[in-house]
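Coordinate analysis (summary)
Chain residues, written in single-letter form:
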Amino acid sequence: MQKPSIPQGTRDFSPAEVRKRQYILGTLRTIFELYGFQPLETPSMEYLTTLTGKYGEEGDRLIFKILNNGLHEKNEAGKAKLNEEWNTLLSKPYSTPAVTERALRYDLTIPFARYVVMHQNDLAFPFRRYQMQPVWRADRPQKGRYREFWQCDADVVGSVSLINEAELLCIYQGAFQQLLLPVCIKINSRKLLAALSELCGMPEKMMDITIALDKLDKIGWVGVANELKERGIAEEGIWQIERVINVTGNNEEKLAAYTDIMQHSPSGIAGINEISKTLAYYQSLASAEWQGQIMVDISLARGLNYYTGVIVEVVCTHPKVKMGSIGGGGRYDDLTGLFGLKGLSGVGVSFGIDRIYDVIEELNLFPEQLATGSVAMLVNFGGDNELYALQLLRQLRTAGIAAELFPDSVKFDKQMKYANKRGFAYVLLPGDEEREKGLISMKNYATGEQKMVSIDDCVTQLK
RNA sequence: GAGAUUGUAGCUCAGUUGGUUAGAGCAUCAGAUUGUGGUUCUGAGGGUCGUGGGUUCGAACCCCAUCAGUCUCCCCA
């Protein structure tokens, strides 16, 4: 007999975990709907050609590929070709259509772009959608990183207004407010990062500067300066970057200082305007009760290289929590251009629900009542009592009370132990005496108190 | 792609310099108790010590290989 196990980087979600996850997903869904976003689902698999080349060289390697079916059914000519391609395949990191032409979804953004292009005639732009589905990556799993995990995205395409950015900030605020998580939303613009590399006189080094800068809160300025040096940035450039990093103050003060430093850079000024306009819209739309702060942070970079405008990232500020970002997003111009639909700009945010789950769990902020299933269990006393129990069960369910009958007429204490483990609020005892009198004994399982009541009273009390 | 570390009962783990028949707790099942759970008590079942070689009179323990898990770096969510 083989020992059962599940593939590396995948997880089972037990009932209590599913409930907690659904609590998070449900909260997000309610918010998305409140802001007028529409639900979208796309297939678990896409054509490999849809996905390759969209996530960079590293990304291509991490796409889960699906072996073609019917490989064994090929005719002789097919077999020869397959043999040849198989050998090529083994010597190279990528695949060939003879062996694989489908792959598991790597994220939700590219399938969304594909969907928008395919359905452009049916959609009303600006189109806002939210999507909550699993994605797969053939990465080496480690703490908090899985090969199968869920993403929760909300995006708007077909509008360049910064009102969208402001609305997405509000979605973050509203969602984390409801989930009781204290957060800080960092905001930056890719245009500012571009301006920064201009300031160094090395616009072509933007990626290097961005990657190094992103590590600021992890390795500190000295570490970043070293990395910049290694990546070939001149002393003069590093000095310029340090000058910008050293700017402190509230958002207005920071933006004013950046304006001063970058006054000769058109993209710098554009980035600053973008951020301040977004914040202005946000002020008008924001609710006074939201606790989370929004902070301009020029060291914020975000990994994906398709962002072109405002970028944001959410971190939990609770002192007990040592966790990276729990959400992020930004604007990407021309995402659909890859599939032939030019000039459509989009902006979106993503919630890292596995991390959000871990944080809520650590802070013990899941609502208590999530853990319950059925309210009551009926003990099975067998014989005529079984039929009596079934009638009662029907009445309870008709009244909307979640209840279940122990299906086997086994020893009493076994049924009671089962009830205890399941954590029912009440156990109902339809035995000989109750049946003859047309009553029911109900036992409160928390207090141990038990009484015999009419069936109507029982239904009323459980409601 | 690089590195560290761990594989012993369903689960969590002991197991001494290599030495009889490999242990504990939890879980399961049975009984004390055929209409009263959580706390008790008694007993039982359950292991090819990840796999394959090697060293040895003798290997869970030492050596080699291999597979798998976990973690770190890279990168990312």
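Quick caveat: nothing in here was measured; it's all calculated off a predicted structure.

One can read the domain layout of chain A as domain 1 (15-42 + 105-362), domain 2 (45-104) and domain 3 (372-462). Distance between the C-alpha centres of domain 1 and domain 3: 52 Å.

Taken together, 33 residues surround RNA strand B, and among them Gln8, Arg145, Tyr146, Phe412 and Gln450 come closest. Close to the protein, within 4 Å, the atoms of RNA strand B are drawn from sugar and phosphate at a rate of 45%. Take arginine 145: an N or O atom from its side chain is 2.6 Å from a base nitrogen of RNA strand B. In the model, a base nitrogen of RNA strand B is placed 2.7 Å from a nitrogen or oxygen of the tyrosine 445 main chain. Every element with two or more residues in the surface near RNA strand B is listed here: α15 (412-422) and α16 (432-437). Across the surface near RNA strand B, the residue classes tally to seven nonpolar, eight polar and 18 charged.

With that out of the way, let us pick up the sheet that holds strand β2 (residues 45-47). Spatially, β2-β4-β3 is the arrangement adopted by the three strands of the open sheet, whose pairing is antiparallel. Across the chains shown, the open sheet's two edge strands, defined by having one partner strand only, are β2 and β3 (65-66). When β2 meets strand β4 (residues 102-104), the two strands line up antiparallel, connected through three bridges. Counterpart to tyrosine 47 in the pairing with β4 is arginine 102.

Our next topic: the side chain of threonine 109. For threonine 109, the location among the structural elements is in helix α5 (residues 109-118). We classify threonine 109 as buried; its relative accessible area is 7%. With residues near it in sequence (within four places) discarded, threonine 109 still touches Asp153, Tyr306, Tyr332 and Leu335.

Here we take up the environment of leucine 405. Mapped onto the secondary structure, leucine 405 falls in strand β13 (residues 403-405). It is 7.4 Å that separates the C-alpha atoms of leucine 405 and alanine 389, two residues lying 16 residues apart in sequence. When near neighbours in sequence (up to four residues on either side) are disregarded, leucine 405 contacts Leu378, Val379, Asn380, Ala389, Leu390 and Leu393.

The next thing to look at is the nonpolar core. One finds Phe176, Leu181 and Phe351 to be the most contacted residues of the largest nonpolar core, which totals 103 residues. Take this core: its biggest share by element is eight residues, from helix α6 (residues 163-178). Once residues within four sequence positions are removed from consideration, leucine 181 is found in contact with Phe176, Ile326, Ile356, Val359, Ile360, Leu363 and Leu365. Counting residues in hydrophobic clusters, the runner-up holds 20 residues, among them Ala389, Leu393, Cys458 and Leu462.

Attention shifts here to unusual backbone geometry. The peptide bond linking phenylalanine 125 to proline 126 adopts the cis configuration, its omega dihedral lying at -5°. The phi torsion at aspartate 334 lies on the positive side, around 60°, for a residue other than glycine. Judged by relative accessible area, aspartate 334 falls into the partly exposed class, the value being 34%.

This brings us to the pattern of salt bridges. All chains considered together, the criterion is met by 19 salt bridges. For lysine 229, the salt bridge goes to glutamate 235, with nearest N and O atoms at 3.7 Å. Of the residues examined, lysine 229 reaches a relative accessible area of 51% and is grouped as exposed. A salt bridge links arginine 435 to aspartate 432; the nearest nitrogen and oxygen atoms lie 3.2 Å apart. With a gap of three residues between them, arginine 435 and aspartate 432 both fall in helix α16, about one helical turn apart. Each of Asp208, Lys215, Glu227 and Arg231 takes part in a single network of salt bridges with overlapping partners.

Helix length check: helix α12 (residues 266-285), at 20 residues, gives a terminal C-alpha distance of 29 Å against a target of 28 Å (1.5 Å per residue), a fit within 8%. The set of residues buried in α12 consists of Ser267, Gly268, Gly271, Ile272, Glu274, Ile275, Thr278, Leu279 and Tyr282. Taken around the axis of α12, the buried residues stretch over an arc of 155°, which confines them to a single face. Along α12, the residues that are exposed and aim more than 90 degrees away from the buried face are Pro266, Gln283 and Ser284. Where α12 is buried, its residues contact α6, β7 (183-189), α7 (190-199), α11 (251-261), β8 (293-296) and β9 (310-316).

Calculation criteria
- Along every chain, residues carry numbers that run from 1 in the direction the sequence is written.
- As a convention, the first chain written is A and the first ligand written is 1, with the rest following in written order.
- pLDDT decides what is reported in this predicted model: residues at 70 or higher carry local features, side-chain atom pairs at 80 or more are listed and counted, and totals for whole chains, interfaces and linings draw on all residues regardless.
- Working from all heavy atoms in the structure, the side-chain values ignore hydrogens and water.
- Domain ranges listed in this record stem from an automatic or a database domain assignment.
- A cutoff of 4 Å decides nearness: a residue is near a molecule or strand if any of its heavy atoms lies inside that distance of it.
- As used in this structure description, the phrase polar contact means that two N or O atoms lie within 3.5 Å; if the pair is within protein, one of them must be able to donate a hydrogen and the other to accept it, and residues adjacent in sequence are counted only when both atoms belong to side chains.
- Secondary structure elements follow DSSP: runs of H or I of four or more residues count as helices, runs of E of two or more count as strands, with numbering from the N terminus.
- Charged means Asp, Glu, Lys or Arg here, nonpolar means Ala, Val, Leu, Ile, Met, Phe, Trp, Tyr, Cys or Pro, and polar covers whatever is left, Gly included.
- Strand pairing requires that DSSP identify at least two bridges connecting the strands.
- Only protein chains enter the accessibility calculation, which uses a 1.4 Å probe. A residue is then buried if its area is under 20% of the maximum for its type, exposed if over 50%, and partly exposed in between.
- Residues are treated as being in contact if the distance between any of their heavy atoms lies within 4.5 Å.
- Nonpolar cores were defined as sets of buried Ala, Val, Leu, Ile, Met, Phe, Trp, Tyr and Cys residues, with membership established by side-chain atoms within 4.5 Å.
- By convention in these notes, a salt bridge is any Lys or Arg side-chain nitrogen within 4 Å of a carboxyl oxygen on Asp or Glu.
- A helix is expected to reach a length of 1.5 Å times the quantity of its residues less one.
- Working note: the arc is built from the helix axis to C-beta atom directions.

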